Every structure is written in C-alpha cells, then in structure tokens.
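# Architecture at a glance
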Amino acid sequence: MSDIGSGRQAGRIGQGWLRYAAPLIAIAGVAAVVLIFNADLFASEGKIAIGPKSVSALVIIIVLIVGVLIEDARRKYMRLNSQNHRMTEMADRLSETVELLNDMNSTLRANEERYRGLVETQHDLIVRLDSRGRLSFANEALSRTLGIDNEDAIGNPLTVNVAVEEGSQPFDLQRISIPPYRASYDQRVLTSEGWRWIAWEDVALRDPDGRITEIQRVGRDITDRKETERELGVARDEAEAANRAKSGFLATMSHEIRTPMNGVLGMTSLLLDTELTAEQKNYADAVQESGQSLLTLINDILDFSKIEAGYLEFESIDVDLAGLSEKIAELLAPRAFERGIEVMAMADPDIPRHLIGDPGRLRQAIVNLAGNAVKFTHEGGVVIALRLLQDRPDSAAIRVEIIDSGIGIPDDKQAQLFEEFTQVDSSVSRRYGGTGLGLAITRRIVEKMGGEIGLISKKEKGSTFWFEIELKKAKGSSSPRPEPRLDQKRILVAEANRIARWALADQLIDGGATAKRASGGGEALELLRAAAARGTPFDSVLFDGALEDIPATAFIEQLRADPVLASTRAIVMLPVSRRAENEPLKDAGFDGYLTKPIRRRSLYRLLTPELETDDQIDANDDDDAADARPAKTTSSGPLRILLAEDNEINQMLALALLGKSGHQVTAVENGAEAEIAVRDNEFDLVLMDIHMPEVDGLEATRRIRSLDGDKLDIPIIALTANAMAEDKQMCLDAGMDDYLAKPINEAELNAAMEHWRPGRSAGPRT
C-alpha cells in the first residue's frame, strides 16, 4: 500500500511540473521554428527578419499552446469539481457515522447502566474473579452480605469464612479449570447476619481460544431451605420411628390377639367334633363364625398397615389364574349356598395356565371382591369371570370380573368406594358389617401389580367389579393345557338359578357346543321332546338337583321311560353339601354327576364320554381340585413330636389336635427345655413357638442347629401367632424349615407334618 501511494504521489508531481514547463517548452519550440525557417535570412542579411512562414508557424504554435492551456484549465476545473463532490459525500458520511457512533455510545451506556442496575439490585451474590482467583467485580449484595469494601477488595483474593461441616464445601479453583468448567455446591458462610447457607454456581468464562479469562460465581442464600430440609428430615425420622412403633404395635397386637383366638377357634373346632345338642351346636357354630370374622378383620388391618408402611411385597412365581379362580369359587361356595345363591368361575379357554405372578396377592384381591359380592347378593349368584384381552408372545393381558346380581351401588357413591374405611352408607355398614378396608386393599394390590381397577353398577341391578393386569408367561408354558372340545354337541342346561344358567351355557358355547337353557324340569322335558321331533335331539342334559317342579329321581325316570329321550346323556348337578346323593342318583339312571361349583375341565370331560374311560367324574375328584379337599390324617403311622409352647391353652389345643391323629407328643414351655429335649431324646419333628420365656424359639432353633450328629437336621416348624411376612423370613433365617401362623388350621398342620415326615423328600413346602 505504501509503494502504491508513493507511485501516485510521484505521478502527481510529474504532471504538475509538465503543466508549468509546457509554455516554456512551447516558446523554445517557437524560437527553434523561427530559426529554422529563417536561417537563410540570418545568414545573408545583417538584421533579423521574420518571414511569412515563420509568422504562420508561430500563430499555429500559439494557438496550440492556448488550446493546451485551455484544456488543462478545463481538466483542472473538472477535477476540482469532482474532488469537491467527493469531499461533500465524505463529509455527509462522516456526519452519519459520528451520529451513529453517538447513538451506539448512548445505547451502550444505557445497557451498561441497566446491567449494573440489574446486578446491583439482585439479592443473589455475584462476583467475578480473574484466572488467579483475584476479585475483579462484586455486586452490592455480596459486599453487604460478606461485609467487604469493593475498592479495597478488587485485585485481591476473595476471603470467605466457610464452616467445616457436612454438606459445606470450599471454593476449588482447580475444579472449575477443567471440563465441564462448572461447579455447584453449598457453603455455610459467616456473614454480617451470622452463619448462613449459600448455594454457589461457579462458571469459568473462556475466550475463543478456550483460555479462561474470568470465573463468575453466583450465590443464593438457601438458609431457609436448609432449615426446612432439616425439619423435614427430623419429621421423616420421627415418622419412620412412629411407623416402626406402629408396625411393632400391630405385630404385638396381632400376636396377642391371635394367641387367644387360636384357643377360641381351636377349642370350638374340637367342641364341634363332640356330641352336642342342636342348641349347643348352634352356639358353637356362632362362636366359630364370630371368631373367623374377627380373624378376617385382624388380617385386613395388618395388610392395610403393611401397605401404609410400604412393606407390601410380591412374589413372582408360577400361577394358574383359571385354576385359582375355581378354587376361590369352591372356597366361597358353602357361604353362598347357605344364602341360597350360586357362585361360579369361568375363564376364556385361551388364557395360558402358566403365568408369572403372586398367587397369594391375586387370590386376596379376587377373594375380597368375590366375598363382598356374596355378602351383598341375596338372589341369583356371583360369577368370577376371566377374559383374555391380549395374548402377546411373552405376556397376557387379563381382565378379572366379579359379576353379581346384588343390591348394586348408587352412582354418586361409586367414586369413594375404593377409599379406606369407606362404606356406601352407615346403614349398609350396620347391616352387613365390615371395616371398608377390603376394597382399598384390593385397589392397592392391583395398582402395585401395574393394573387398573373399577366397577360398573346400578342400584338394585347388581354390580361388576373388575381389574385388568398383565402377567408374564412362564417359559415353555405359554399355551393352555388342551381340553376336550364340545364341537357339534347340543346340550340343554336345566338350572333353577338364572346366574348359574347363564354362566353354564356361556362355558358350553366357549367349548364349541350349542346350548339351550331351561328354568325347570318340566320345561326341560318339553325342550328335549321338541328337539327330538325336529330331528335335532340334544346330546346331553345338565340337570340341577335343586329344581323344585320335578325332583331329580322323577326327572330321570321320565327321561329313561321315553323311548325318544332314553339315550340322552343325563348329568345331575348338586352342591357339595349334598354329595351323599350322587351315587344314589347315578344308580337311579343318571350317567354322571358334578359337584357345584363346577370346574370347566370336569364339565367338558363328562360331556365327552367318548374321550374318557371313567364317566363318574366329580368336580372335587378332579386332579386340579386336590387343594380344595381338606387334608386327611396320614395313615403312615404316628410321629414323635416335640411341642414347644408356653401358653397353656394353646398347648392343650395342640396336644388335642395331635392326639386325634395318634402322634406321640412331648410338650415343653420354653426354648431352653426344647434344646435339652432334642439333645437327650429322639423326635421326628419339632413344633416351635416363637415368644417363650428364658429362651425364645429363634434362639432355641439356632442352638439345636449347632448340636452334633443327626440332631441338627431335625425338621423344625414354627407354630406362632406372629403373622407378618418378615416374621416368616425371620424364622427361616434362624434355621426353621417351615412356618404356620396361628390360629392353627388342622388341615395345614397335618399337611406340614406329612411333608416333613422322615423319609419324605426334603425341600420347601409349597
């Protein structure tokens, strides 16, 4: 650029010189022309005389010079005029630039004032440090809070008195000098107002090359928040302590209540096994029923307390939901039949039989809903229905419905029904009893399994309580067990109860059959004859033994006496309380019998005799129903049993129950005596209470497990009023083999002893 400027300046200097030298050169040229053209005159004459040629040449030269000067002057004028125009434009632009700079300067000053005002009016502490940690800026809030003078502090390290305690961290320049160039932490700082908690957010500011230029720290006073957190922590600890105390109290109360309840229910059961008058039996039955109701209430309260405390745990084991629903129907059947209603279970045939879930919690949810349905239904019945919503490769979505024909629920009461301690109204509570916990517990269980629960109900029209859950399929067991099909079969259902009539027909249709319904024996005979007359006879008839218009024996006599109907397969259906009538009715002409509530597999097998070798199939004789039958006393011989029980009544009850089966029982009153008895004698198993004087059952078990020889392997079964889930695990951890909660259930006790009988295969009892 300097070379180009120098060249232009040299050019302008050369042109100026030429402009002033041109006239002199022109005069010299004129002189030269005159000399040339008049050389001869100069040579011959004594004086100089300019000739005509010279004059002409001179005029021409003068004209040329004048023209050159005029052109030069014109160019100078044009150049000066252009320069003047450019100078004017430059002046205008310069004026605009100056004005713009003034505006920008004003805006910059306003922004600076706004930023400074924003920073200075903040309650947060704002400070900037250079890369060495020296103070370069601090807002008024920081100066006021820490009590420092900005003028004296600028350029010096920021000194803050930080408390050394849990949760209070010092400023670390190295930490924010490395990625991510940011740090957040809390400090307890000594301020002009005393010790305060400050939450700092530090950020390293970097230039385009990545070098740290400054460190910005912003602090906020969080003392109130810290105090709130401390108070919340104290409140949480107090709540947890109260919760532990509540759980301990409930566990203690459960133990203290179950201990006498074991005596009440157990002794009542023994009393009912003796010869009683009708009046005495009624009184004993009332005591038994009241005791069971109280036990149910205790269990509900314990479950609710576990839910509230967050202790509700779930297993993930194999569960057959269809089989479970049938067992629940059988469990509720005696109470339902006493009320004159039916209870049935039905399931989609495509529901996988092997799913992964918690059978205990699923059973609890269904029993709560179905038990309520039985309680609030006076006519008709209750149906436990399982619907397959979606069948995925690894899971199945299932809807469980409890359908009843009971009193129904008003629309305005339905929303609150799943809340704790809620009844539809006080009159219902007085009439039907209950705490209002069952539905609340069921809702919590279903939600804990990731499901949804609800109801559909109309007052005086019945209700349908439902919940939907998704369960994983057990590996290798995704398909349901094959069942007989009823394709092409025509079946007549003669059932007095409309709910049972509908449910039975629905199950038959699911199996591929054509089903018709009749509400009486006479109507059934008419339908049978009409169908035979049309050439479409029924293959089978299901006859309810409770039909009032025609007794079962009269019906089968008329059926077999009619040549057209004689070949029709007839099956009688009776409740379990009338099982003694099954064989006589079979002898009277029925082809088979079913015990209510009817299992689908048993129903299908009886209706397909061509696939079976034995027509006499009882629902409770089906292999799936083994759990529904009371366990029988073993016939494998008496056992030598050690009973460790300190409560005199419970000891008397256990001795009576074990004595009924012929077992040889030795009773002790504490764990120390139990240890000595096992060491000095031979026993097949030990029934061990937990709460005993001197040495409790857990410590006694540990001592027995430390004995020499075969003594340490003796089966030990906990027999305790501690009914919490953690109690069971505590017993197993101490070395016990099994666990039974009081009140003692004779069937469960016999099953447990038979499982641990010497010579039987070891392993947990399911």
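Residues numbered from 1 in each chain as written. Predicted model: local features only at pLDDT ≥ 70, side-chain atom pairs only at ≥ 80, totals over all residues. Heavy atoms only, no water.

A separate point is the packing of helix α18 (residues 671-680) against helix α19 (residues 697-705). Orientation of α18 relative to α19, taken along the N-to-C sense of each, is 20°, at an axis distance of 8 Å. The orientation of α18 with respect to α19, classified from their angle, is roughly parallel. Considering how the two elements wind past one another, α18 and α19 form a crossing that is right-handed. Residues Gly-671, Ala-674, Glu-675 and Val-678 of α18 pack against Ala-700, Arg-703 and Ile-704 of α19. (Axes fitted to C-alpha atoms, helices over the stretch in contact; angles between N-to-C directions. Helix = DSSP H or I, 4+ residues; strand = E, 2+ residues; numbered from the N terminus. Parallel < 35°, antiparallel > 145°, perpendicular 65-115°, else oblique. Left-handed = near helix turned anticlockwise from the far one by under 90°. Contact = heavy atoms within 4.5 Å.)

Strand-to-strand pairing in sheets goes through backbone hydrogen bonds, with the strands running parallel or antiparallel. On the basis of which strands lie adjacent, the open sheet formed by five strands has the order β14-β13-β15-β16-β17 and parallel pairing. Of all the strands in the sheet, just β14 (514-518) and β17 (592-596) have a single pairing partner and so form its edges. Strand-to-strand twist in this sheet, taken as the mean axis angle between neighbours without regard to direction, amounts to 20°. Bridge count between strand β13 (residues 490-494) and β14: five bridges; the pairing is parallel. Opposite Leu-492, over in β14, you have Lys-516 as the bridge partner. (Pairing = 2+ DSSP bridges.)

For Ala-347, the location among the structural elements is in strand β7 (residues 342-347). Overall, Ala-347 belongs to the buried group, its relative accessible area being 9%. Through-space distance from the C-alpha of Ala-347 to that of Asp-510 is 9.2 Å; in sequence the pair is 163 residues apart. (Buried < 20%, exposed > 50% of the residue type's maximum accessible area, 1.4 Å probe, protein only.)

Let us now look at the packing of aromatic side chains. All told, the structure shown has two aromatic pairs when counted by the stated rule. Plain terms: the ring middles of Phe-543 and Phe-555 are 4.2 Å apart, the flat faces sit at 20° to each other, and that makes the pair stacked. Of this pair, Phe-543 sits in strand β15 (residues 540-544) while Phe-555 sits in helix α14 (residues 552-561), placing them twelve residues apart in sequence. Take Phe-543 and Phe-555: they sit in the same class, and that class is buried. Ring centres 6.2 Å apart and planes at 35° place the aromatic pair Phe-543 and Phe-590 in the tilted group. One end of the pair, Phe-543, is in strand β15; the other, Phe-590, is in the loop between α15 (582-588) and β17, with 47 residues separating them in the sequence. In this structure Phe-543 comes out as buried when scored by relative accessible area, which is 0%. Taken together through their ring pairs, the aromatic side chains of Phe-543, Phe-555 and Phe-590 make up a single cluster. The ring of Trp-197 carries the charged tip of Lys-226 above its face, separated from the ring centre by 4.7 Å. (Phe/Tyr/Trp six-rings, centres within 6.5 Å; stacked < 30°, edge-to-face > 60°. Lys NZ or Arg CZ within 6 Å of the ring centre and 35° of its normal.)

Time to look at the confidence of the model for the protein chain. For the protein chain, the mean per-residue pLDDT works out to 81, and 82% of the residues sit at or above 70. Per-element mean pLDDT across the protein chain ranges from 46 in helix α10 (residues 426-432) up to 95 in β13. Considering only residues more than four positions removed or in separate chains, one finds that residues 426-431, a stretch of pLDDT under 50, has six contacts. Residue range residues 613-635 is modelled with pLDDT below 50. Its contacts to residues more than four positions away, or to other chains, number 52 contacts. (pLDDT = per-residue confidence, 0-100.)

Another aspect to go through is a nonpolar patch on the surface. On the surface, Ile-62, Val-66 and Ile-70 cluster together into a nonpolar patch covering about 260 Å² of accessible area. Structurally, Val-66 can be placed in helix α3 (residues 52-120). Taking relative accessible area as the criterion, Val-66 reaches 40% and is therefore assigned partly exposed. (Patch = residues over 30% accessible without salt bridge, like charges linked within 9 Å, V, L, I, M, F, W, Y side chains within 5 Å. Areas by Shrake-Rupley, 256 points an atom, 1.4 Å probe, with all protein chains shown as cover. Salt bridge = Lys/Arg side-chain N within 4 Å of Asp/Glu carboxyl O.)

A separate point is the pattern of salt bridges. In total, this model carries 44 salt bridges according to the counting rule given. Of the charged contacts, one joins Arg-182 and Glu-201 as a salt bridge, the two residues approaching to 3.1 Å between their closest N and O atoms. Of the two residues, Arg-182 is situated in strand β3 (residues 182-191) and Glu-201 in strand β4 (residues 194-206); the sequence distance between them amounts to 19 residues. For the salt bridge of Glu-447 with Arg-443, the shortest nitrogen-to-oxygen distance reads 3.5 Å. Pair noted here: Glu-447 and Arg-443 are both in helix α11 (residues 438-448), with a separation of four residues, about one helical turn. One network of salt bridges, in which partners are shared, links Asp-186, Arg-225, Lys-226 and Glu-229.

When strand β1 (residues 125-130) meets strand β5 (residues 212-221), the two strands line up antiparallel, connected through six bridges. Among the inter-strand pairings, Ile-126 is bridged to a residue of β5, identified as Val-218. As paired strands, β4 and β5 are joined by nine bridges and run antiparallel to one another. Across the sheet, residue Ile-198 finds its bridge partner in β5, namely Asp-221. In textbook terms, the turn of a hairpin is the stretch between consecutive antiparallel strands, and for β4 and β5 this stretch comprises five residues, one of which, Gly-210, has a positive phi near 90°.

Leu-749, Asn-750, Ala-752, Met-753 and Glu-754 are the residues of helix α21 (residues 746-755) that are buried. Where α21 is buried, its residues meet β18 (640-644), α17 (648-660), β20 (685-688), β21 (716-720) and β22 (738-741). The backbone nitrogen of Ala-747 has a side-chain oxygen 3.0 Å away, supplied by the residue at the start of α21, namely Asn-745. (Polar contact = N/O pair within 3.5 Å; in protein donor to acceptor, adjacent residues only side chain to side chain.)

What follows concerns the sheet that holds β1. Taken in spatial order, the five strands of this open sheet run β2-β1-β5-β4-β3, and their pairing is antiparallel. Of all strands in the sheet, those bounded by a partner on one side alone are β2 (135-138) and β3. Neighbour-to-neighbour, the strand axes of this sheet turn through a mean angle of 25°, independent of strand direction.

This next bit is on α18. One full turn of an α-helix is made of 3.6 residues, so residues set three or four places apart face in the same direction. Among the residues making up α18, those that are buried are Gly-671, Ala-672, Ala-674, Glu-675, Ala-677 and Val-678. Here the buried face of α18 lies against β18, β19 (664-668), β20 and α19. The N-capping residue of α18, defined by a side-chain oxygen 3.0 Å from the backbone nitrogen of Ala-672, is Asn-670.

Time to look at unusual backbone geometry. For the bond from Lys-596 to Pro-597, the omega torsion is -5°, close enough to zero to count as cis. Following the sequence through the fold, Pro-597 ends up in the loop between β17 and α16 (600-606). Cis peptide bonds are those with omega within 30 degrees of zero, and the linkage from Lys-742 to Pro-743 qualifies with 0°. Tracing the backbone shows Pro-743 in the loop between β22 and α21. Phi angles above zero are rare outside glycine, and Gln-488 is one such case at about 70°. Gln-488 sits in the exposed class, given a relative accessible area of 75%.

This part covers the packing of helix α9 (residues 359-375) against α11. Two numbers describe how α9 lies on α11: the axes approach to 9 Å, and their chain directions differ by 145°. The handedness of the crossing between α9 and α11 comes out as left-handed. The residues of α11 that touch α9, namely those facing Arg-361, Gln-364, Ala-365, Asn-368, Leu-369 and Asn-372, are Gly-438, Leu-439, Ile-441, Thr-442 and Ile-445. Residue composition of the contact of α9 with α11, by class: five nonpolar, five polar and one charged. (Nonpolar A, V, L, I, M, F, W, Y, C, P; charged D, E, K, R; others polar.)

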